[in-house]
Amino acid sequence: MKKNMITGSKLWSIAMITSLLAACSSPATTSTTANAATSTIGTTKTVSVSEQTSVKYAELVSLDADDTNISWSEADSTAIKLNGTTATVTGSGAKAANGSVTISEAGTYVLSGELTDGQIVVNVADKGTVHLVLNGATIHDNDSAAIYIQKAGKAVITLEKGTKNTVSDGKTYVYADATTDEPDAAIFSKADLTFNGAGQLTVTGNYNEGITSKDDLKIISGSISVKAADDGIKGKDMVAIQAGTITIEAKGDGIKSTNDTDTTKGYVAIAGGTFDIQSGNDGIQAETALVTDGGTYNIVTGGGSANAPAKVEEGPFGGGGGGWGGGTPPTDMGTPPDGEPPADMPEMPNNSGTNAGANTNGAAASNSANTTTATTDNNADADTATTATESTSAKALKAGTDLTVNGGTYTIDSMDDSLHSNNNVTVNDGTFNIESGDDGIHADQALTINGGTITIAKSYEGLEGAIITLNDGDVDVTASDDGVNAAGGETETAANTAASTDNATTATDASTTSNISVTETTGTTSTTDQASQGTTATQQGRGPGGMGAAASNNEFHINGGSLTVNAGGDGLDSNGSINMTGGTVIVNGPTDNGNGALDYDGTFEISGGYLVAAGSSGMAQGTSDASTQNTIVMTFPATQKAGTLVHVQDSEGNNILTFAPAKDYQTVVVSSPDLKKDGSYVIYSGGTSTGKAVDGLYTDGTYSGGTQVVAFQSTSNVTWVNESGVTTANTGMGGPGGGGGQGGFGGGRNRSQSGTTSDSTGTTDSAK
């Protein structure tokens, strides 16, 4: 559950007491489908999202002959021999003067030697293509860009095979006047800029940025190493990388695009390559879309996950749990909001400078340290409970609109989210090894996983999005808070009516476009689906009661693949509903009674797949009675030690479940196609199995040596049992609740971003 800090240390107390008095009169009703009509009293924020899952590099990037041209000859080129503070030009189109070389005609220019304090300037009036071949060149300028493309139709820099080339600038720039702020990078271009070739290039941006293009920036090939006082590689309209070896050490962003005025531009597209990025801010950041088809990535941001600010839960009362749930309310709610940078965050370039035209050490007016308000990453991740700002964004892969991963190998250690989009994230394939100081993968709107192998070894929350869909792939999540959190989606648009939502209960076709709508409300909200399938709390396999927020239309859909979760907070958490049609889900949930292995505010309907979820008992939920696949919820008389087998078999001795939870547990939920509504079952504890366990789940072998806990006959779609036999779902002030507008005080946490839960006149915000 995403926690947001409130500035007043006791604001929740008054609000929760008021809400308790209003909410205890009767249980709320909820609805069950992805296509829901929402009736709202109060202010409505509606988000309509078009999810495109098939975008690839080739659809965004087109290359012409100049981009891929690496050939040259002495007869058809101009030679520029650099020598200290002078240069010799052999051929036409260029002149050397005062330690610098100015190129004024389109053509090919071959640079070699060393320029210790001077500049290569390209100023071609006819907008032709200038082809610069770095053939063992070292270029340094003490007070400006070493290579400055002032005017040209396009500039192409070829790194000659077998050569090493170096470009650098000084820490202080001298401009013509105080209003001038360009150039501001060691290699700076106002025209389209392309790099190709098989040589090596080392760029040091001591003043501000390493490589900057005010138009398109393309890297076709080559080995490029950049060290920068701010951003490493920056293109305005696009950054496109087809191949190459890219190494970046930047105090700002590693790679970024910046066009925020044209929605068709400002993207980053990568076909492949090898990337080693260490950045103070974002690793790869696109103003609009970020697409990666392949490549090998090693990204560390903000000093890594160990450098992340501590996360603190905001309040003692759950948004809909049953009673106190075994949780003890915190005594101090005055903790500052999360999102503040750690004290040892790498220093960002400043914006100071001399009015006489000399700026020092990253002082260009165009410099950006990624300082944003809380509306920049604007859902549960933005912590909008207060006006606190996100002072530093240190995400690994970040998109302003859509982030699409079609393949590649990613090793990420990020202070902030590892994969993040202000809109949608789609993972079609790839191998991920993630350690995150915040979310492993976060989408403000839709998060869709269609394939790949994703290991999130460390995170605050593993997967987070307004609508989360797992169609295929292998996902393993370790989270200090929620493993999966379907929440948020509160970006306000001009529309005040809900758009149609994608019913994601079937596998997503990666070649199609789907529409998604998410609504946030302020006031009293009631939700009914198109079939008017409203149900009460007791029909959801959880306890009644009164203190929760109404279910939102956040959704978590599981249609295939495998998901393993080890969570300190809720295992699977949805502010709305969960729907499972296939796949395998294993949840090692919380050990404290203030969270649950399963936590949903609407319904959890299961019609296929295999589910096992172990955790504490205080907030335990099963699946919903509307499910067409049967479920057993077993609560043991005492906490069982981690690794203690729980075994379920039918009356004929057929294995239903043999599972060794990774942590202490008291409640186990199992749903299998093999369970029958009127079947007879026996539950054992302890013992051994000769089979091989995968994530604690044994799928073969022989079980023996356990102690029988209970034998019973299933009586409904969701059968709750304890050591005495069939029982009912936990009820009352100490019961499970789970956040659907029922249950008492909710086991020690607060779902509401505003710091209060809702009553008939209060504020409801469904983000967790």
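This is a predicted model, so every value here is computed, not measured. (Residues numbered from 1 in each chain as written. Predicted model: local features only at pLDDT ≥ 70, side-chain atom pairs only at ≥ 80, totals over all residues. Heavy atoms only, no water.)

Glancing now at the overall build of the chain. Each helix and strand counted, the chain has 3 helices and 64 strands in total. For the chain, the proportion of its 768 residues judged to be buried stands at 60%. Considering only contacts within the chain whose residues lie at least 6 apart along the sequence, 65% involve residues at least 24 apart. Summing over all exposed atoms, the chain offers an accessible surface of approximately 26,000 Å²; the carbon and sulfur share of this is 48%. (Helix = DSSP H or I, 4+ residues; strand = E, 2+ residues; numbered from the N terminus. Buried < 20%, exposed > 50% of the residue type's maximum accessible area, 1.4 Å probe, protein only. Contact = heavy atoms within 4.5 Å. Areas by Shrake-Rupley, 256 points an atom, 1.4 Å probe, with all protein chains shown as cover.)

This brings us to the pattern of salt bridges. For the coordinates displayed, the defined rule picks out 11 salt bridges. Residues Lys265 and Asp237 are paired through a salt bridge, measuring 3.9 Å at the closest nitrogen-oxygen approach. Residue Lys265 is located in the loop between strand E23 (255-257) and strand E24 (267-270), and its partner Asp237 is located in the loop between strand E20 (233-235) and strand E21 (238-241); the two are separated by 28 residues in the primary sequence. Note on Lys265: relative accessible area 33%, which makes it partly exposed. Asp237 gets classed as buried once you look at its relative accessible area, which sits at 9%. Of the charged contacts, one joins Lys398 and Asp282 as a salt bridge, the two residues approaching to 3.5 Å between their closest N and O atoms. Residue Lys398 is located in strand E30 (residues 397-399), and its partner Asp282 is located in the loop between strand E25 (274-279) and strand E26 (284-286); the two are separated by 116 residues in the primary sequence. Given a relative accessible area of 7%, Lys398 falls into the buried group. The exposure class assigned to Asp282 is buried, which follows from its relative accessible area of 0%. One continuous salt-bridge network, built from bridges that share partners, spans Asp64, Asp67, Lys154 and Lys218. (Salt bridge = Lys/Arg side-chain N within 4 Å of Asp/Glu carboxyl O.)

What follows is about the pairing of strand E34 (residues 424-427). Both faces of E34 are covered, namely the face carrying Asn424 and Thr426 and the face carrying Val425 and Val427. Alignment of strand E31 (residues 402-405) against E34, held across 4 bridges, turns out to be parallel. By the bridge assignment, Val405 is partnered in E34 with Val427. Here 3 bridges tie E34 to strand E37 (residues 446-449), and the two strands are oriented parallel to one another. What sits directly across from Val425, in E37, is Leu447. (Pairing = 2+ DSSP bridges.)

Averaged over all residues, the pLDDT of the chain equals 78, while 70% of them reach at least 70. Taken together, the stretch residues 491-549 has pLDDT below 50 and engages in 229 contacts with residues farther than four places along the chain or on a different chain. (pLDDT = per-residue confidence, 0-100.)

Here we take up the packing of aromatic side chains. Tallied over the full model, the rule gives 10 aromatic pairs. Ring centres of Tyr681 and Phe712 lie 6.1 Å apart, and the angle between their planes is 45°; this geometry places the pair in the tilted category. In this pair, Tyr681 is assigned in strand E57 (residues 680-685) and Phe712 in strand E62 (residues 707-713), connecting sequence segments 31 residues apart. Take Tyr681 and Phe712: they sit in the same class, and that class is buried. (Phe/Tyr/Trp six-rings, centres within 6.5 Å; stacked < 30°, edge-to-face > 60°.)

Right, let's get into the environment of Ser213. Inspection of the secondary structure puts Ser213 in strand E17 (residues 209-213). A C-alpha to C-alpha distance of 6.0 Å links Ser213 and Phe188, two positions 25 residues apart in sequence. When sequence neighbours within four positions are dropped, the list of residues in contact with Ser213 reads Ser189, Ala191, Asp192, Leu193, Lys234, Gly235 and Lys236.

Looking now at unusual backbone geometry. Of note, the amide linkage connecting Glu182 to Pro183 takes the cis form, showing an omega dihedral of 0°. Its place among the elements puts Pro183 in the loop between strand E13 (172-174) and strand E14 (185-189). The phi dihedral of Asn98 falls on the positive side, at around 55°, and the residue is not glycine. In this fold, Asn98 is placed in the loop between strand E5 (94-97) and strand E6 (100-103). For Lys127, which is not glycine, the phi dihedral falls at a positive 60°.

Let's shift gears to the pairing of strand E4 (residues 86-90). Examined bridge by bridge, strand E3 (residues 78-84) and E4 share 5 bridges and lie antiparallel to one another. From the neighbouring strand, Ala79 faces E4, where its bridge partner is Thr90. The loop that links E3 with its antiparallel partner E4 comprises 1 residue.

All right, on to the environment of Ile434 then. Within the secondary structure, Ile434 is located in strand E35 (residues 431-436). You can call Ile434 buried: its relative accessible area is 1%. Spatially, the C-alpha atom of Ile434 lies 9.7 Å from that of Ile299, the residues being 135 residues apart in sequence. With sequence-adjacent residues up to four places away left out, Ile434 is seen in contact with Ile412, Ser418, Leu419, Gly440, Ile441, Thr455, Ile456, Ala457 and Lys458.

Its place among the elements puts Gly725 in strand E64 (residues 725-727). Residue class for Gly725 comes out buried when judged on its relative accessible area of 6%. Linking Gly725 and Phe712, residues 13 residues apart in sequence, is a C-alpha distance of 5.8 Å. Those residues in contact with Gly725 that sit more than four places away from it in its chain are Val710 and Trp720.

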